[in-house]
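In case you want the letters, here they are:
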Amino acid sequence: VANIGTLTYTAGPGYTVSDSFKFQVRDAALFSAEATMALSIIDGTIIPVINGNFETEYGSNTDKTTNWVKLTDWSLDNTLIGSVPIAGAFSSSADGGSKFTRFTFNNAGAEQNLNTNVAVGDTLSVTFNFGKATNAWGGSNNTGVAYFKIGTQYYDQACDVSGQTAGTWKNFTFTTTALNAGALSLGFRVAPSNNNQYVSLDGVSDVSYIPAGGTSTIAATGSPLSALSSTYGTASSPVTFTVGGANMKAGILVTAPTGFEVSLASGSGYDSTTTVGSAGTIGSTTVYVRLAATAPVAGSYNSQNIVLSSSGVTSANVTTAASGNSVSKAALTITANNQSKTYGTTQTTPVTGSTAFTASGLKNSETVGTVTLSYGAGGLLATDALGSTSTITPSAAAGGTFSTANYTIGYVAGTLTVSAPPPPVAASGGTLTTYTTGGITYNVHTFTIGGTFAATVGGSVQYLVAGGGGGGGSTTSGGGGAGQVARGTLAVTASSYTIAIGAGGTGNGGGNGNNGSSSSITGSGSVTAYGGAGGITQGNSPPANSPTLGSGGGGGCYTSMVGGPAGLGNAGGNGGNNGTYYNGGGGGGAGGAGGASVNAISIGHGGYGGVGILSSITGSSVYYGGGGGGAIFGGNVGDETIGTGGSGGGGNGGTITSNATAGANNTGGGGGGAGQFGGAGGAGGSGIVIISYVSGPAPGSYAAWASTNGTAGQTMAQDHDHDGVPNGIEYFLGGNTNTTGFTTLPGVV
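The following refers to the structure shown. From a predicted model like this one, the values you see are computed outputs, not experimental measurements.

Here's the deal with the overall build of the protein
- For the protein, the helix and strand inventory stands at two helices and 46 strands.
- Expressed as a percentage of its 749 residues, the buried residues of the protein come to 44%.
- Long-range contacts, defined as pairs at least 24 residues apart, comprise 62% of the intrachain contacts of the protein with a sequence gap of at least 6.

In structure tokens:
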């Protein structure tokens with residue numbers, strides 16, 4: 001007999017009675033007798049059952065929405081065909097698979113939530129197979145129960161397989177009509193009995209569902225939709241379609257594809273989903289569809305499905321236009337903020353990662369993180385005149401939450417203007433000196449002893465604070481470490497600040513040199529510079545690294561020789577041991593480490609003190625915080641030379657016959673180390689505090705003249721009194737710092 005494959009019968013719409021067809025089978029010579037195939041046609045739908053063939057493990061599962069869940073603690077799993085006798089030893093599966101499940105005693109069973117609500121009068125039907133195990137107890141009542149649970153109401157059917165041949169299956173169909181409404185579950189279990197065991201289950205079908213009023217249907221018109229277009233950040237105008245339903249168990253959920261949104265009103269209520277109607281008949285309802293304001297430019301919007309779904313009914317789709325749906329870029333303007341630069345300072349270019357801009361046109365509460373700013377010539381240099389300008393050009397917007405793909409970006413330049421320095425600080429205390437550079441006069445307050453810096457007008461000041469230097473040690477010692485040198489800017493208020501000057505550490509005649517003391521500015525803002533460490537005598541180990549010391553002292557000679565640790569400055573140099581030539585290391589400087597000693601005839605020397613820090617805070621370039629030099633063991637200068645102190649007040653090392661020198665006071669320099677019999681090491685130099693600030697434009701300069709005449713910040717090209725004569729000409733034609741106002745000049749020929 002030839003294989004003609006699968007034949008599909010399709011009933012006409014709404015046809016719910018019966019039908020039949022006749023057929024014959026033939027071979028090459030003969031026809032069989034005619035036979036009739038009868039068909040029962042029902043108007044219904046299918047509710048899926050998950051894992052009805054029990055090929056997937058489920059016994060430990062607790063989520064009824066994804067699989068079966070067991071009803072009691074009795075064992076419950078999926079079991080292989082032909083397994084050990086206690087599993088039933090079935091020779092084949094009822095559904096052609098390799099596994100089935102079994103229930104043991106006392107109401108053991110499995111249940112599954114079908115995620116469907118049913119109504120009164122709905123008809124439910126399911127087919128399945130119960131089997132009898134080969135090792136069931138003799139005389140046991142092998143009865144299974146199939147049931148539907150609607151809400152809390154059970155509908156069940158007993159399925160006795162006690163008379164079934166052991167190891168075989170029997171097919172059952174369970175059909176019932178709902179007498180109540182509620183959520184639907186399907187379950188199977190062993191019938192309650194003290195003598196009931198080993199009922200096996202396999203081949204559970206999907207549930208056939210026939211609504212009380214007939215099949216649920218969803219009908220929609222208007223597909224495909226007309227094309228939509230929008231600009232990013234603005235929703236498009238809507239297009240519409242209609243949807244309705246018959247015999248519905250629930251409302252119709254309308255789900256928009258990505259980038260679209262739907263509503264039941266033209267001008268409001270848009271979201272990714274909306275629900276049309278409720279259970280029963282849903283009349284034709286207009287649904288509005290539009291491109292969302294958040295739809296990106298690069299999205300896919302053509303031929304997308306709007307899904308219409310509901311409980312117990314096949315979903316339907318409405319399709320967007322096959323072409324023409326689009327989102328255009330929005331306009332975004334990024335403007336560099338106007339800026340000012342104080343005269344005498346410089347401006348670098350370009351500046352990346354800047355937030356000095358304003359963004360206009362951003363959509364959906366998005367942000368721009370940073371831009372790059374490029375500054376043109378005109379106001380970049382410290383010497384550019386007051387009022388000079390540079391163009392600030394923004395570019396390369398990045399970061400934040402926005403995407404460049406959704407915007408056409410326009411950049412608008414800003415302006416950098418050279419402005420006058422802030423109002424000068426007014427203060428007293430210490431020794432006051434002044435210096436002028438670049439048309440600006442600076443006040444300098446120098447404290448060599450403790451005192452008070454009293455500011456009557458607050459502002460920004462520059463400071464240099466040096467701690468006291470460490471003293472040199474005895475007996476071929478290393479030089480003392482320099483005091484810490486702290487520099488920077490401090491915002492002072494109109495208040496008093498206490499100034500403390502650290503003493504240098506004393507030299508020692510019988511051990512390591514003593515540490516220097518701290519210098520400080522204390523007030524609403526405070527600065528501290530710590531004293532340097534003492535030089536290390538021969539044979540001693542260096543002290544532990546300290547967070548409250550400046551530079552380390554130099555190492556002594558003989559066994560240890562290791563220089564002191566860096567602290568807050570720099571490390572001391574190592575001492576040495578080379579027969580009869582062993583010398584002390586240099587003390588660390590504020591600007592560099594101390595040098596190690598060199599221990600050899602003719603070229604041997606003590607370690608040089610580390611260099612200090614060069615500063616122009618007083619208007620002149622001066623070193624502060626030099627390390628002390630290391631001593632030499634011998635006294636023959638022709639053989640060896642002492643370690644000299646570092647630039648910045650470091651003292652020189654001693655010899656067997658000459659004393660070490662002290663560090664210079666008011667520099668924080670370290671003292672020199674003592675020679676073999678040279679007495680005590682040199683004392684460290686005391687610290688210093690220097691405070692400097694702008695006091696105003698240089699006397700007689702255009703800036704001073706402009707400040708006196710109430711036009712500070714204006715350039716010579718500007719005309720303050722609008723008399724037709726630029727400021728610069730009025731300044732050169734007799735202007736001076738005593739002028740109290742502009743006078744209109746006669747015409748210039």
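What about the pattern of salt bridges?
- Considering all chains together, one arrives at four salt bridges under this definition.
- Put simply, K249 and D122 hold a salt bridge, and the shortest N to O gap is 3.3 Å. Note that K249 is positioned in the loop between strand 17 (239–248) and strand 18 (252–255) and D122 in the loop between strand 7 (109–118) and strand 8 (123–132), a separation of 127 residues in sequence. In terms of burial, K249 and D122 fall into one category: buried.
- Of the charged contacts, one joins R189 and D156 as a salt bridge, the two residues approaching to 3.8 Å between their closest N and O atoms.

As for the side chain of S615
- Along the chain, the position of S615 falls in strand 43 (residues 613–615).
- Here S615 falls in the buried class, since its relative accessible area comes to 7%.
- For S615, the side chain forms a polar contact with the main-chain nitrogen of I617, separated by 3.2 Å.
- For S615, the residues in contact, after removing those within four places along its chain, are L464, R487, S620, S621, V622 and Y624.

Some points on the sheet that holds strand 17
- Sheet architecture is open: four strands sit in the order 15-17-21-19, paired in antiparallel fashion. Both edges of this open sheet fall to strand 15 (217–221) and strand 19 (260–263), since each of them pairs with a single strand only. For this sheet, the mean inter-axis angle between neighbouring strands, taken without regard to orientation, is 30°.
- Judged from the five bridges that link them, strand 15 and strand 17 form a sheet pairing that is antiparallel. When the bridges of strand 17 are listed, T217 appears paired with A246.

Some thoughts on the packing of aromatic side chains
- Enumeration over the complete set of coordinates arrives at 15 aromatic pairs.
- On the basis of an interplanar angle of 80° and a centroid distance of 6.2 Å, the ring pair of F130 and F188 is categorised as edge-to-face. Highlighted residues: F130 in strand 8 and F188 in strand 12 (residues 182–190), separated in sequence by 58 residues.
- Using a relative accessible area of 0% as the deciding quantity, one classes F130 as buried.
- With a relative accessible area of 0%, F188 lands in the buried category.
- Seen in terms of ring centroids, Y232 and Y407 are 5.5 Å apart; in terms of plane orientation they differ by 80°. Their pairing is edge-to-face. Of the two residues, Y232 sits in the loop between strand 16 (229–231) and strand 17 while Y407 sits in strand 31 (residues 407–412), which places them 175 residues apart along the sequence. The same class applies to Y232 as to Y407, namely buried.

A short note on the environment of G685
- The topology assignment puts G685 in the loop between strand 45 (640–641) and strand 46 (688–697).
- The sequence separation of G685 and G648 amounts to 37 residues, and the corresponding C-alpha distance is 9.9 Å.
- Not counting residues up to four positions away in its chain, the partners in contact with G685 are G468, G469, G504, G663, A664, N665, G668 and G669.

A short note on unusual backbone geometry
- Residue S223 is joined to P224 through a cis peptide bond whose omega torsion reads 0°.
- The residue after T349, namely P350, is reached through a cis peptide bond having omega -5°.
- One can find P350 in the loop between strand 26 (339–342) and strand 27 (351–354).
- At F54, a residue that is not glycine, the phi angle is positive and equals roughly 60°.
- Along the chain, the position of F54 falls in the loop between strand 3 (45–47) and strand 4 (69–70).
- One non-glycine residue, N115, adopts positive backbone phi at about 55°.

A short note on the sheet that holds strand 39 (residues 496–500)
- Read from one edge of the open sheet, five strands run 33-36-39-40-41, paired in antiparallel fashion. Two strands bound the open sheet, and with one partner strand each, they are strand 33 (426–428) and strand 41 (527–529). If you compare each strand with its neighbour and ignore which way they point, the axes differ by 15° on average.
- In this structure, strand 36 (residues 451–457) lies alongside strand 39, joined through four bridges in antiparallel fashion. What sits directly across from T452, in strand 39, is T498.

Re the nonpolar core
- One finds F241 and L308 to be the most contacted residues of the largest nonpolar core, which totals 41 residues.
- Setting aside its immediate chain neighbours within four residues, F241 contacts T221, G222, L225, V254, T285, T286, V287, V289, I306, L308 and V318.
- Counting 31 residues, the second largest nonpolar core, distinct from the first, contains F103, L124, Y155 and V190.

About the cut-offs
- Residues numbered from 1 in each chain as written.
- Predicted model: local features only at pLDDT ≥ 70, side-chain atom pairs only at ≥ 80, totals over all residues.
- Heavy atoms only, no water.
- Helix = DSSP H or I, 4+ residues; strand = E, 2+ residues; numbered from the N terminus.
- Buried < 20%, exposed > 50% of the residue type's maximum accessible area, 1.4 Å probe, protein only.
- Contact = heavy atoms within 4.5 Å.
- Salt bridge = Lys/Arg side-chain N within 4 Å of Asp/Glu carboxyl O.
- Polar contact = N/O pair within 3.5 Å; in protein donor to acceptor, adjacent residues only side chain to side chain.
- Pairing = 2+ DSSP bridges.
- Axes fitted to C-alpha atoms, helices over the stretch in contact; angles between N-to-C directions.
- Phe/Tyr/Trp six-rings, centres within 6.5 Å; stacked < 30°, edge-to-face > 60°.
- Core = buried A, V, L, I, M, F, W, Y, C linked by side-chain atoms within 4.5 Å.

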